[in-house]
Amino acid sequence: MPRLCANIGFLFPEMPFLDRFEAAARAGFTAVEFASPYEYPAADLRARLQANGLSLVLINSPAGNRAAGERGFACLPGRTDTFRDGIGQALDSAAALDCQLIHVMAGVPPTDLANDTALALYAVNLAWAAEKAKAAGVGLVIEPLNPRDAPGYLLNTQEQGAAIVAAIGRDRIALQFDIYHCQTAQGDVATRLEKLMPFIGHMQLADVPGRHEPGTGEIGWEFLFRRIDELGYAGWVGCEYAPLGDTAEGLAWRKRYGV
């Protein structure tokens, strides 16, 4: 049975963020993830985690100004200092919150920058971050995003992400396999899971289209959950979807699929 954690950046939008920790625990989750811990004092977040018996599975490196289209700095020329400062900030947050995994955002390269140049800069910055994270005892993951939801983002395919992991080293970095992004951009999720499982360090889910609860779209979840178990995946699967209605009521899908 896959280990599910609640992405409280997406789930429980009907309540303030800091109240979502308790809501996740009441719903039966023992772990949470969320992209950005940087808007709240670490002591407040840690208190919410401890009060509700929750562990924090994953945070992101700073994304920058999302409203302006920024999604990280790792592949951006002239932003190396910003990237490194962000990694330092993420590692500090991970230490304060006992979080063992950081998703390093790649970024949206300028349209006039050659893709090979962006990838080369990305690889150099990732290798630097991987050394810092390894020394701190924290894992890094990278996540391909589908071009419809994240136009221009450097990483689009699972194979592209796995190749970067292989180049830097699986002992330093891993692939964050998001089922929603994979199905939207590429399809053939189960086959890709089987092929790329050795590279995967974290997973996330949502149905397609709409990015809502499992069972609201086209993905065959009963088969897919069984296949994840058969492949021996032992990590967490983040529930990163936009609930169609009340979050707690919508979680009935867990009973339906036996997860």
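Scroll up a little and you will see the structure.
Residues numbered from 1 in each chain as written. Predicted model: local features only at pLDDT ≥ 70, side-chain atom pairs only at ≥ 80, totals over all residues. Heavy atoms only, no water.

**Focus: the packing of helix 4 (residues 115–136) against helix 5 (residues 158–168)**
Relative to each other, helix 4 and helix 5 sit at 50°, their axes nearing to 11 Å. One way to sum up the angle between helix 4 and helix 5 is to call them oblique. Once helix 4 is placed against helix 5, the crossing between them reads as right-handed. Between helix 4 and helix 5, the contacting residues are L119, Y122, A123, L126, A127 and A130 on the first element and Q160, I164 and I168 on the second. Each residue belonging to the contact of helix 4 with helix 5 can be placed in one class, and the counts come to 8 nonpolar, 1 polar and no charged. (Axes fitted to C-alpha atoms, helices over the stretch in contact; angles between N-to-C directions. Helix = DSSP H or I, 4+ residues; strand = E, 2+ residues; numbered from the N terminus. Parallel < 35°, antiparallel > 145°, perpendicular 65-115°, else oblique. Left-handed = near helix turned anticlockwise from the far one by under 90°. Contact = heavy atoms within 4.5 Å. Nonpolar A, V, L, I, M, F, W, Y, C, P; charged D, E, K, R; others polar.)

**So, the packing of aromatic side chains**
For the structure on display, the rule yields 9 aromatic pairs. Between F17 and F21, the aromatic rings sit 5.6 Å apart at their centres with planes inclined by 80°, giving edge-to-face as the arrangement. Each member of the pair, F17 as well as F21, is classed as buried. Each ring, one from F17 and one from Y40, has its centre 5.1 Å from the other, and the planes form 20°; the classification is stacked. Placement of the pair is F17 in the loop between strand 1 (3–7) and helix 1 (20–26) and Y40 in the loop between strand 2 (31–33) and helix 2 (42–51), with a sequence separation of 23 residues. Residue F17 is classed as buried on the basis of its relative accessible area, which comes to 13%. The ring of W236 has R3 sitting right over it, with the charged end atom 4.2 Å from the ring centre. Cation over ring: R254 sits above F29, and NZ or CZ is 4.7 Å from the ring centre. (Phe/Tyr/Trp six-rings, centres within 6.5 Å; stacked < 30°, edge-to-face > 60°. Buried < 20%, exposed > 50% of the residue type's maximum accessible area, 1.4 Å probe, protein only. Lys NZ or Arg CZ within 6 Å of the ring centre and 35° of its normal.)

**With respect to the sheet that holds strand 1**
Judged by pairing direction, the barrel is parallel, and its 8 strands sit side by side in the order 1-2-3-4-5-6-7-8 before closing back on the first. Pairs of neighbouring strands in the sheet enclose a mean axial angle of 30°, with direction left out of account. Across 3 bridges, strand 2 lies against strand 3 (residues 55–60) in parallel orientation. Within the sheet, the bridge partner assigned to A31 lies in strand 3 and is S55. Relative to the sheet, helix 7 (residues 189–196) contacts strand 6 (173–178) and strand 7 (200–205), its axis offset from that of strand 6 by approximately 170°. (Pairing = 2+ DSSP bridges.)

**Some words on the pattern of salt bridges**
Note that side chains of opposite charge can pair when their charged atoms are close. Summed over the entire model, instances satisfying the criterion amount to 12 salt bridges. When the shortest N-O distance is used, the salt bridge between E159 and R192 registers 2.8 Å. Taken together, the positions of E159 in helix 5 and R192 in helix 7 put the pair 33 residues apart, joining distant regions of the chain. Notably, a salt bridge pairs R226 with E230, separated by 3.8 Å at the nearest N-O pair. Separated by 4 residues within a single helix, R226 and E230 lie in helix 8 (residues 221–230), roughly one turn from each other. For R226, a relative accessible area of 40% corresponds to the partly exposed category. Several salt bridges share partner residues, and in doing so they unite E131, K134, D171 and R172 into one network. (Salt bridge = Lys/Arg side-chain N within 4 Å of Asp/Glu carboxyl O.)

**Digging into the nonpolar core**
Counting residues in hydrophobic clusters, the biggest one holds 78 residues, and the most contacted among them are F21, V32, Y122, I179 and L205. Once residues lying within four places of it in the same chain are set aside, the contact partners of F21 are I8, V32, F34, L45, R48, L49, N52 and L54. Formed by 8 residues, the second largest nonpolar core is a distinct cluster that contains V57, L101, A174 and W236. (Core = buried A, V, L, I, M, F, W, Y, C linked by side-chain atoms within 4.5 Å.)

**Points about the side chain of N7**
Tracing the chain through its elements places N7 in strand 1. Residue class for N7 comes out buried when judged on its relative accessible area of 4%. A distance of 3.0 Å separates a polar atom in the side chain of N7 from the backbone nitrogen of G9. Not counting the four nearest positions on each side in its chain, N7 is found in contact with E33, F34, Q204, C239 and E240. (Polar contact = N/O pair within 3.5 Å; in protein donor to acceptor, adjacent residues only side chain to side chain.)

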